Amino acid sequence: MRTYKSNRPTAEKSKKRMSKKGVYALAASASVVLIAVALTLSLTFGLRSNVPADEQDKPVVNDPIVNKITFTAPLTQCTVTNGAALNKLVYNDTLKQWRTHNGVDFEAAAGSDVLSVADGTVKSVENTILEGVVVTVEHAEGYVTIYKGLETAAVEAGETVTAGAKLGSIGNMMCEKHMGAHLHLEMKKDGKYVAATDYIELENNK
């Protein structure tokens, strides 16, 4: 009887071959991980290298948004007689009609000085029939103030004014004749009407 040798690998050889394959697989996996770590580190430190060394470890601090403009009173003595009614209708005794009241009315004797509430540039000076002399001043940060009911103007369009500068003197508003002499002050922020008394510091407000 002849004995034939099998061409199949013995169990020992299979184990050896399998163990070699496992080593190669582990080595390949380790290489991939090392490459990924190297790329991550290079990207991280590469980005940080663009930031000055003295700035890299500083905490990020967001500056608070503050109103840089301080508004002062439009008259030496201020007494509010009517507030702004921007979202409702109020009755106007002179015109005999219901309408919004976009400004704030300040009691003032005829001839009293009207003062700019902040630094700015005079946008226009108009002489109207119903609202008297109207002076419009543009300020920083999108603010505009409109002074109505003046008898005369002390400024011209294009002129630069400071807070407290005289803009004119008090007269009468024909459309609010029932109130007598007073200042009607309107304010806008980014083109929209706002209540002037929400922004102006009125130490003498009664």
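So, a few notes on the structure that sits alongside this text. This one's a predicted model, so the numbers in the text were calculated from it and none came from an experiment.

### A short note on the overall build of the protein
Then, number 1: The helix and strand tally for the protein stands at two helices and twelve strands.
Then, number 2: When the helices and strands of the protein are listed from N to C terminus, the series reads α-α-β-β-β-β-β-β-β-β-β-β-β-β.
Then, number 3: Residues counted as buried form 29% of the 206 residues belonging to the protein.
Then, number 4: Long-range pairs, those at least 24 residues apart, make up 61% of the contacts in the protein with a sequence separation of at least 6.
Then, number 5: As displayed, the protein offers around 14,100 Å² of accessible surface, 55% of which is attributable to carbon and sulfur atoms.

### Quick notes on the side chain of Lys-148
Then, number 1: Relative to the helices and strands, Lys-148 resides in strand E8 (residues 143-153).
Then, number 2: Of the polar contacts made by the side chain of Lys-148, one reaches the side chain of Glu-131; its length is 3.0 Å.
Then, number 3: Lys-148 has contacts with Glu-131, Val-133, Val-134, Met-173, His-182, Leu-183, His-184 and Glu-186, leaving out every residue within four places of it along the chain.

### So, the nonpolar core
Then, number 1: If you look at the biggest cluster of nonpolar residues, it comprises 29 residues, and the most contacted ones within it are Tyr-147 and Leu-183.
Then, number 2: Contributions of two or more residues to this core are made by strand E4 (103-107), strand E7 (133-138), E8, strand E10 (166-170) and strand E11 (182-189).

### Some remarks on the packing of aromatic side chains
Then, number 1: Evaluated as defined, the whole model comprises three aromatic pairs.
Then, number 2: Ring geometry for Phe-71 against Tyr-199: centres 6.4 Å apart, planes inclined by 80°, an arrangement best described as edge-to-face. Linking Phe-71 in the loop between helix H2 (53-56) and strand E1 (80-82) with Tyr-199 in the segment after strand E12 (192-194), this pair joins segments that are 128 residues apart in sequence.
Then, number 3: Note on Phe-71: relative accessible area 1%, which makes it buried.
Then, number 4: Exposure remark for Tyr-199: the relative accessible area of 29% places this residue in the partly exposed category.
Then, number 5: Measuring from ring centre to ring centre gives 5.6 Å for Tyr-143 and Tyr-199, while their planes differ by 70°; the resulting arrangement is edge-to-face. A residue pair is termed long-range when its members are at least 10 positions apart, and Tyr-143 in strand E8 and Tyr-199 in the segment after E12 qualify at 56 residues.
Then, number 6: Here Tyr-143 falls in the buried class, since its relative accessible area comes to 6%.
Then, number 7: Members of the aromatic cluster, each reached through a chain of ring pairs, are Phe-71, Tyr-143 and Tyr-199.
Then, number 8: Looking at Lys-188, its charged tip hangs above the ring of Tyr-193, at a distance of 4.8 Å from the centre.

Cut-offs applied
Per chain, residue numbering runs from 1 following the sequence as it is written. In view of the model being predicted, local features appear only for residues whose pLDDT reaches at least 70, and side-chain atom pairs are presented and counted only at 80 or more, with totals across whole chains, interfaces and linings using the full set of residues. Side-chain measures here rest on the full set of heavy atoms in the structure, leaving out hydrogens and waters. Helix and strand labels come from DSSP, where a helix needs a run of H or I of at least four residues and a strand needs a run of E of at least two; each type is numbered from the N terminus. For the exposure calls, accessible area comes from a 1.4 Å probe over protein chains only, and a residue counts as buried if that area is under 20% of its type's maximum, exposed if over 50%, partly exposed in between. What makes two residues a contact is simply this: any of their non-hydrogen atoms within 4.5 Å. Only the protein chains shown count as cover for residues, and the accessible areas themselves come from Shrake-Rupley with a 1.4 Å probe. N or O atoms closer than or at 3.5 Å make up a polar contact, with two conditions inside protein: a donor-capable atom paired with an acceptor-capable one, and, for residues adjacent in sequence, both atoms drawn from side chains. In this description, a nonpolar core means a group of buried Ala, Val, Leu, Ile, Met, Phe, Trp, Tyr and Cys residues linked to one another through side-chain atoms lying within 4.5 Å. Note on ring pairs: Phe, Tyr and Trp rings are taken, using the six-membered ring of Trp, and paired if centres are within 6.5 Å. Classes follow the plane angle, with under 30 degrees stacked, over 60 edge-to-face and the rest tilted. The criterion for a charge sitting over a ring is simple: Lys NZ or Arg CZ within 6 Å of the ring centre, and within 35 degrees of the ring normal.

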